[in-house]
Amino acid sequence: MKVAITSGSSEGPTSLNAFDNALLEAGIGDVNLIKVSSILPHGTEIVELPALEPGSMVNCVLSYKISDTPGDLISAAIAAATSDEFGCVVENSAVNRKPEDVREEAISMVRYMMSVRGLEINELIVEETNHVVEKCGAAVSALIYLD
């Protein structure tokens, strides 16, 4: 299986519009996202996000944060780890926290998930985005299942 990790952030006149604009920025705004839990099958390969067919149904692990408070720092992160057997994904998001803390917390959570399953990490990738809200903003990070 192939997966891609992407992120985007944006503003909009409403929370929904800000979220939609962040999805567009991440390259996943024209598909139907289906949230799934956090397991990657054996042999998963992490690749660049290709162009997706508009209107298609796409499984994903989704992290997002929306705020309409000017000056808020919003963050969204995805951490994915693979092993020889299978892998795990975690999402993490926050408002007004240090971006490095949000990132490190995601890494810590995915390391823990792998550890309790007795899995040795071969590859660990983190994707994150941070955004300072002007009027109404959204930050999105996602792991997209491609096949």
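Keep in mind that what you see is a predicted model, and the values were worked out from it rather than measured.

About the thresholds
- Residues numbered from 1 in each chain as written.
- Predicted model: local features only at pLDDT ≥ 70, side-chain atom pairs only at ≥ 80, totals over all residues.
- Heavy atoms only, no water.
- Helix = DSSP H or I, 4+ residues; strand = E, 2+ residues; numbered from the N terminus.
- Buried < 20%, exposed > 50% of the residue type's maximum accessible area, 1.4 Å probe, protein only.
- Contact = heavy atoms within 4.5 Å.
- Areas by Shrake-Rupley, 256 points an atom, 1.4 Å probe, with all protein chains shown as cover.
- Lys, Arg positive; Asp, Glu negative; His and termini not counted.
- Charge placed at Lys NZ, Arg CZ, Asp CG, Glu CD.
- Core = buried A, V, L, I, M, F, W, Y, C linked by side-chain atoms within 4.5 Å.

J.: Would you mind showing me how to read the overall build of the protein chain here?
T.: Each helix and strand counted, the protein chain has two helices and nine strands in total. Starting at the N terminus and ending at the C terminus, the protein chain contains elements arranged as β-α-β-β-β-β-β-β-α-β-β. With respect to the three principal axes, the spread of C-alpha positions in the protein chain is 45 × 35 × 20 Å. Evaluated residue by residue, the protein chain yields a buried proportion of 45% over its 147 residues. By sequence separation, contacts in the protein chain at least 24 residues apart represent 75% of the contacts at least 6 residues apart. When the accessible surface of the protein chain is split by element, carbon and sulfur atoms take 47% of a total near 7,200 Å². Mean positive and mean negative side-chain charge positions of the protein chain (9 and 22 charges, respectively) differ by 6 Å.

J.: Quick question: what am I supposed to make of the nonpolar core here?
T.: Note on soluble globular proteins: their nonpolar side chains tend to be buried together. If you look at the biggest cluster of nonpolar residues, it comprises 15 residues, and the most contacted ones within it are Phe19, Ile28, Leu62, Val140 and Ile144. Among the elements of the structure, α1 (15-26), β5 (57-67) and β9 (137-145) are those that each provide at least two residues to this core. With five residues, the single largest contributor to this core is α1. Once you skip the residues sitting within four places of it in the chain, Val140 turns out to touch Thr6, Ser7, Gly8, Phe19, Ala22, Leu23, Leu62, Ser63, Tyr64, Ala76 and Thr129. Core analysis: the next-biggest nonpolar cluster, separate from the first, contains 14 residues, Val102, Ala106, Met113 and Met114 among them.

J.: Please explain the environment of Ser37 as it appears in this structure.
T.: Positionally, Ser37 belongs in the loop between β2 (32-35) and β3 (39-40). Judged by relative accessible area, Ser37 falls into the exposed class, the value being 56%. When the C-alpha positions of Ser37 and Asn59 are compared, they lie 9.6 Å apart, and in sequence the two are 22 residues distant. When sequence neighbours within four positions are dropped, the list of residues in contact with Ser37 reads Val61 and Tyr145.

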